[in-house]
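# Structural overview
Residue strings, one per chain:
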Amino acid sequence: MNETMFIDPQRCIGCRSCVAACRECSTHKGYSMIFVDYIDRSETTATMPTICMHCEEPTCALVCPADAIKQNEDGVVMSALKPRCLDCRNCVNACPFGVPKYNSAMHLQMKCDMCYDRTSEGLKPMCASVCPTGAISFGTYEQIVPLRRTKPVNAHVFGNQSVKTKVYMMLPTDADEVSVDGCGVFEGQIALDGANVSEESWIDTQVEESNKSNEF
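Residues numbered from 1 in each chain as written. Predicted model: local features only at pLDDT ≥ 70, side-chain atom pairs only at ≥ 80, totals over all residues. Heavy atoms only, no water.

## A look at the nonpolar core
What tends to happen in soluble globular proteins is that the nonpolar side chains get buried as a cluster. Just so we agree on the cut-off: Each nonpolar core is a collection of buried residues, namely Ala, Val, Leu, Ile, Met, Phe, Trp, Tyr and Cys, held together in the definition by side-chain atoms within 4.5 Å. Burial classification: accessible surface area is computed with a 1.4 Å probe over protein chains only, and a residue below 20% of its type maximum counts as buried, one above 50% as exposed, and the rest as partly exposed. Secondary structure elements follow DSSP: runs of H or I of four or more residues count as helices, runs of E of two or more count as strands, with numbering from the N terminus. Should any heavy atoms of two residues lie within 4.5 Å, those residues are counted as being in contact.
M5, I34, I69, F97 and I136 are the most contacted members of the largest nonpolar core, which totals 47 residues. If one sorts the elements of this core by residue count, strand β8 (residues 161-171) sits on top with four residues. For I34, the residues in contact, after removing those within four places along its chain, are C18, V19, C22, P49, T50, I51, C127 and I136. Ranked by size, the runner-up nonpolar core spans five residues in total, among them F6, I144, V145 and Y168.

Okay, structure coming up:
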């Protein structure tokens, strides 16, 4: 599958149609796997959709002691397998993007799987199919990028951790690097290649500041 997701925060209007549509996906059991976050609520009403970035080397899978999180041949990182999930929540705490959530009712980690039941059959993910502004797009790099003025970025640096992702962020810049600080969603640095690594780890900056729930 050459198609992937492109997230453009500039286009998000906070309508949450993506959240409602995600709940309707047949494999999500009524839970939404996408979240709409405020970028900096004290300064602006701007929002952005947060989905799984589907890392090339997914930290959530690497820290799973039961090998419950699989990455398929298309690079899509799936939710934890119910028979294997140990309720340890290592994946929830390890993800640099804060995406996986622990479902306490089901005793299971759940996350965006790019609606693989749909995308594997050539359909768009539920969120991308209803987004009215193109803040969430699904397609190939060649289909999406030439139509946008923003720059596709899929290399991210969080403290000492460098992560490349299948999903692209569309950023309004011509620079090779963009620093993101104090935005309320995550702190770190987004870069294309060879970004400088700061001395302070990303997770250290989050321990005292984040109040985002990691459970349903």
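After that view, the rundown keeps rolling.
## Quick look at unusual backbone geometry
The phi torsion at R16 lies on the positive side, around 65°, for a residue other than glycine. With respect to the element layout, R16 can be found in the loop between β1 (4-7) and α1 (17-23). At D87, a position not held by glycine, the phi torsion is positive, near 65°. Topologically, D87 is positioned in the loop between α2 (59-62) and α3 (90-94).

## A closer look at the confidence of the model for the chain
Here is the rule: Per-residue confidence from the prediction method is given by pLDDT, with values spanning 0 to 100.
Considering every residue of the chain, the mean pLDDT works out to 83; 81% of them sit at 70 or more. Contacts for the low-pLDDT stretch residues 182-188, under 50 throughout, to residues beyond four places or in other chains number 28 contacts. Considering only residues more than four positions removed or in separate chains, one finds that residues 201-211, a stretch of pLDDT under 50, has 14 contacts.

## Some remarks on the pattern of salt bridges
For clarity, the threshold we go by: The working definition used for a salt bridge is a side-chain nitrogen of Lys or Arg within 4 Å of a carboxyl oxygen of Asp or Glu.
The full count for this structure, using the stated rule, is four salt bridges. Among the salt bridges present, the one from R11 reaches D8, with a minimum N-O distance of 3.5 Å. Since its relative accessible area comes to 33%, R11 is described here as partly exposed. You can call D8 buried: its relative accessible area is 2%. Within this structure, D8, R11 and R148 form a network of salt bridges that share partners.

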